[in-house]
Amino acid sequence: MEKIILKHSYGYGWHKINSTYVKGYLIHKGELYQGKELAKVISNISETGSLRNFLSNSSGIFSLIKKEDDMLILATDITRTFPIFYSITEEGVLISDDTFYLNGLIKASIDPLEVGEFMRCGYTTTDRTLIDGIRQVQAGEILAITEDGGVRKDFYHEYSLKIQELLNLDVITLKKRFLEILNNAINRLSAFAGDRTIVIPLSGGYDSRCIAATLRKNNFENVILYTYGKKDSAEVRVAEKVAKKLGYEWLFIEQTEDIVDPDYPESKYFRRFYEFAFNHSSTVHMQDFFVFKYLSDNSMIPKDSIVVPGHSGDFLGGSHLRKLPLPKNRKAVVESIVLKHYSLNEHVKLPAEIKDRIVKYVFSYPKNVALWSIDDNWNLKERQSKYTVNSNRTYEYFGYMHAIPLWDIELVEFFRRLPIEYKYYRVLYNEALEESIFKEFDILIKQKDEARGILSKFYHGHFHSSEFFRRIRYIGEKYLPYQIKRPLKDFLWKDENNMIAIAKPVLKRINRKWNFSECNGIMADFCLHLLMSYKF
């Protein structure tokens, strides 16, 4: 017996035809499918092999559940945009998008091992959740559950790379190809948006800028840009200049305590958001929650807008690989994953079983798989999906649809196959944008040029880009105790988004001091505090 209970219809709703449920939209061979149309298409695919092929060649954001003969089929897009959870009990299979509802049925306990992991990275990895007995469908996965409770898993998409898959093209051809694919991805976004307004959170970086510039290049007029943070930050100055050059409407919301509800941790609206975004697997992302609430409450953007954040061009371009030296063996891959992704709340010991899980993952790949791609694949399946893309829960919660064109499958596959020299030793992603659309619209404006003060100029101009400082950061992350790392990071990193305004109401409730470098760790701690302290 199976029971499917789908509770969340914020932004995107679930649609059902026969025994097939779908959420989101999908573009396959130039055709856009959404709502009942998408449910019908998925319903008509009768074999998991055919479904695998269909999803492998589709762009968009989606999740699906379908009953096929004697089994249930669950699948998510390559970034797990809309999470699906399941529990297999003696009575049958329970499936939902709401872990609080599921746990109300099975009444399982919190897994202390997963609590330890959650504190250290801000999410649970692989198919685990904080609840013993509730599992999740992973990014780019098709999961089949048989009548007897057996589970078969298949990743229809991975970001790992076999050496023979590398693109063997010269740099000029690669840049041209990237720009063609980027244009294709933005055209698919335009087809989905139609006459609706596209709203872009415009930072001072390249990702949101390249989306806005490519829309302008393609004469898409219905665009609103917004930026938030401290009004005197380099990021805000860059964003304002970019918006002016592109000729799009630009909104600036200063993130101060005036727009942050000091009692939000106890409010009903936040508790609902917490349940929705947390789902016993991800830290709630509060960075632009009150900014977006302000935009929505004051009708500053149309209610049928499509919100398009810049997730995650920098990742595709190799930014996370460049944080540390490239791994030379599998042991170094394990070390890289731990250093990059388990850096929160270092006063909490990382459970040995979690490291064993990472070791098992790394050593599961054959020898012909590039080591750095094993590292990047973990990043995509875990951090990018469960933290970065999960931040889109904010837009959904306030009733807005969203899209992530830089996770377009054609674009992702191009960068998956891009040789490492163009991700690590030089950055093709940045070079191609700078030489083409940024130059065309005169928006090659860098934060280091807008930074004010010696420390800010050093941070934006050298600390992140220099090979020397990359080595220094590696040594610091690996060897320095957290008691030294935290104040050192706080000295170098500046709170340009004024996150302390959001953290203040939390700090007194969990009895912690403010460290900007521990902002995500503080929010992870707070999520667990709510879970342990309150009944829902």
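Here the structure is a predicted model, which means the values were calculated and not measured. Once a new chain begins, its residue numbering starts again from 1 and follows that chain's sequence as written. For a predicted model such as this one, the threshold for reporting local features is a pLDDT of at least 70, and the threshold for listing and counting side-chain atom pairs is 80 or more; totals across whole chains, interfaces and linings nevertheless cover every residue. Calculation of side-chain values draws on the structure's entire complement of heavy atoms; hydrogens and water are dropped beforehand.

### Observations concerning the overall build of the protein chain
From N to C terminus, the protein chain includes 23 helices and 16 strands. For the C-alpha atoms alone, the extent of the protein chain along its principal axes is close to 65 × 55 × 50 Å. Remark: exposure states derive from per-residue accessible area (1.4 Å probe, protein chains only) relative to the maximum for the residue type, with buried under 20%, exposed over 50%, and partly exposed in between. Taking all 536 residues of the protein chain together, the buried fraction comes to 60%. Note on definitions: a residue-residue contact is assigned when non-hydrogen atoms from the two residues lie within 4.5 Å. In the protein chain, the share of contacts with a sequence separation of at least 24, taken over all contacts with a separation of at least 6, comes to 73%. Total accessible area on the protein chain stands at roughly 21,900 Å², and carbon and sulfur atoms take up 51% of it. Counted as positive: Lys and Arg. Counted as negative: Asp and Glu, with His and the chain ends omitted from the count. For the purpose of locating charges, the reference atoms are NZ of Lys, CZ of Arg, CG of Asp and CD of Glu. Treating the 75 positive side-chain charges of the protein chain as one cloud and the 69 negative ones as another, the clouds have centres 4 Å apart. Put simply, DSSP marks the helices as runs of H or I at least four residues long and the strands as runs of E at least two long, and each gets a number from the N terminus on. Using a 1.4 Å probe, the Shrake-Rupley method yields the accessible areas, and only the shown protein chains count as cover for residues.

### Overview of the packing of helix H11 (residues 330–341) against helix H13 (residues 371–388)
For the pair H11 and H13, the least separation of the axes is 9 Å and the interaxial angle reads 30°. Compared by their axis directions, H11 and H13 come out roughly parallel. H13 is crossed by H11, and the crossing has right-handed handedness. In this structure, H11 uses Arg-330, Val-333, Ser-336, Ile-337, Lys-340 and His-341 to contact H13, whose residues at the interface are Leu-371, Ile-374, Asp-375, Trp-378, Asn-379 and Arg-383. By the convention adopted, Pro, Cys, Tyr, Trp, Phe, Met, Ile, Leu, Val and Ala count as nonpolar, Lys, Arg, Asp and Glu as charged, and the other residues, Gly among them, as polar. Classifying every residue of the contact of H11 with H13 gives five nonpolar, three polar and four charged. Axis geometry follows a simple rule: fit a line to the C-alpha atoms, using only the stretch in contact for helices, then measure angles between N-to-C directions, giving values from 0 to 180 degrees. Under this scheme an angle from 65 to 115 degrees is roughly perpendicular, one under 35 degrees roughly parallel, and one over 145 degrees roughly antiparallel; angles in between are oblique. Handedness of a crossing is defined here by the sense of rotation of the near helix relative to the far one, left-handed for an anticlockwise turn of less than a right angle and right-handed for a clockwise turn.

### Details of the sheet that holds strand S7 (residues 85–89)
Pairing between strands is defined by DSSP: at least two bridges between them are needed. Ordered by their spatial adjacency, four strands build an open sheet running S1-S8-S7-S9, and the pairing between neighbours is mixed. What marks the edges here is a single partner per strand, and that holds for strand S1 (2–5) and strand S9 (135–136). Two elements, S7 and S9, share two bridges in a ladder whose sense is antiparallel. Pairing of Tyr-86 across the sheet is with Arg-135, part of S9. Strand contacts of helix H3 (residues 99–106): S1, S7 and strand S8 (92–96), with the helix running at about 155° to S8, the strand carrying the most contacts.

### Considering a negative patch on the surface
Surface patches are defined over residues having more than 30% relative accessible area and no salt bridge, joining like charges when they lie within 9 Å and nonpolar side chains (Val, Leu, Ile, Met, Phe, Trp, Tyr) when within 5 Å. Here, a salt bridge means any side-chain nitrogen of Lys or Arg that lies within 4 Å of a carboxyl oxygen of Asp or Glu. Together, Asp-69, Asp-70, Glu-147 and Asp-148 make up a region of like negative charge exposed at the surface. The topology assignment puts Asp-69 in the loop between strand S5 (58–68) and strand S6 (71–76). With relative accessibility at 64%, the residue Asp-69 sits in the exposed group.

### As for the nonpolar core
In plain words, nonpolar cores are sets of buried Ala, Val, Leu, Ile, Met, Phe, Trp, Tyr and Cys residues tied together by side-chain atoms within 4.5 Å. With 80 residues, the main nonpolar core has Leu-55, Phe-178 and Leu-215 as its most contacted residues. Those residues in contact with Leu-55 that sit more than four places away from it in its chain are Leu-26, Phe-62, Leu-64, Ala-75, Ile-142 and Tyr-156. Counting 50 residues, the second-largest nonpolar core is a separate cluster that includes Val-260, Ile-301, Ile-502 and Met-523.

### Here we look at the environment of Glu-396
Position of Glu-396 among the secondary structure elements: in helix H14 (residues 393–397). Taking the relative accessible area as the measure of exposure, Glu-396 reaches 1% and is therefore buried. Placed 387 residues apart in sequence, Glu-396 and Ser-9 show a C-alpha to C-alpha distance of 8.4 Å. Each residue touching Glu-396, except ones within four places of it in the same chain, is listed here: Tyr-10, Gly-11, Phe-82, Phe-276 and His-402. In protein, a polar contact means a hydrogen-donor-capable atom and an acceptor-capable atom, both N or O and within 3.5 Å, with residues adjacent in sequence counting only if both atoms are side-chain atoms; elsewhere, any N or O pair within 3.5 Å suffices. In this structure the side chain of Glu-396 is engaged in a polar contact, spanning 2.7 Å, whose partner is the side chain of His-402.

### A few points about unusual backbone geometry
Across the junction of His-311 and Ser-312, the peptide omega takes the value -15°, indicating a cis bond. The residue Ser-312 is located in the loop between strand S15 (306–307) and helix H10 (313–316) in this model. Of note, the phi angle at Ser-299 is positive, near 50°, even though the residue is not glycine. Mapping Ser-299 onto the fold places it in the loop between helix H9 (289–297) and S15. Given the relative accessible area of 62%, Ser-299 is considered exposed.

### So, the sheet that holds strand S14 (residues 249–254)
One open sheet accounts for five strands, arranged S14-S13-S12-S15-S16; its pairing is parallel. Each edge of the sheet is formed by a strand with only one pairing partner; in this case those strands are S14 and strand S16 (401–402). In the sheet, strand S12 (residues 198–201) pairs with S15 via two bridges, with the strands oriented parallel. Paired with Val-199 across the strands is Val-307, a residue of S15.

### Let's talk about helix H23 (residues 519–533)
Here, expected helix span is obtained from the residue count minus one, scaled by 1.5 Å. In this model H23 runs 21 Å from its N-terminal to its C-terminal C-alpha over 15 residues, within 8% of the 21 Å that 1.5 Å per residue would give. Counting buried residues along H23, eleven of its 15 residues qualify, which places the element largely inside the surrounding structure. Looking at H23, one finds that the buried residues are Cys-519, Gly-521, Ile-522, Met-523, Ala-524, Asp-525, Phe-526, Cys-527, Leu-528, Leu-530 and Leu-531. Buried residues belonging to H23 abut H3, helix H4 (112–121), helix H8 (268–278) and helix H22 (500–510).

### So, the side chain of Asp-77
Counting through the fold element by element, Asp-77 comes out in the loop between S6 and S7. Buried charge without a partner: Asp-77 forms no salt bridge, and the closest opposite charge is Arg-393, 8.1 Å away. Within polar-contact distance, the side chain of Asp-77 engages the backbone nitrogen of Thr-79 at 2.9 Å. There is a polar contact of 2.8 Å between the side chain of Asp-77 and the side chain of Thr-81. Aside from chain neighbours lying at most four places away, what touches Asp-77 is Gly-60, Ile-61, Phe-62, Ala-139, Gly-140 and Tyr-156.

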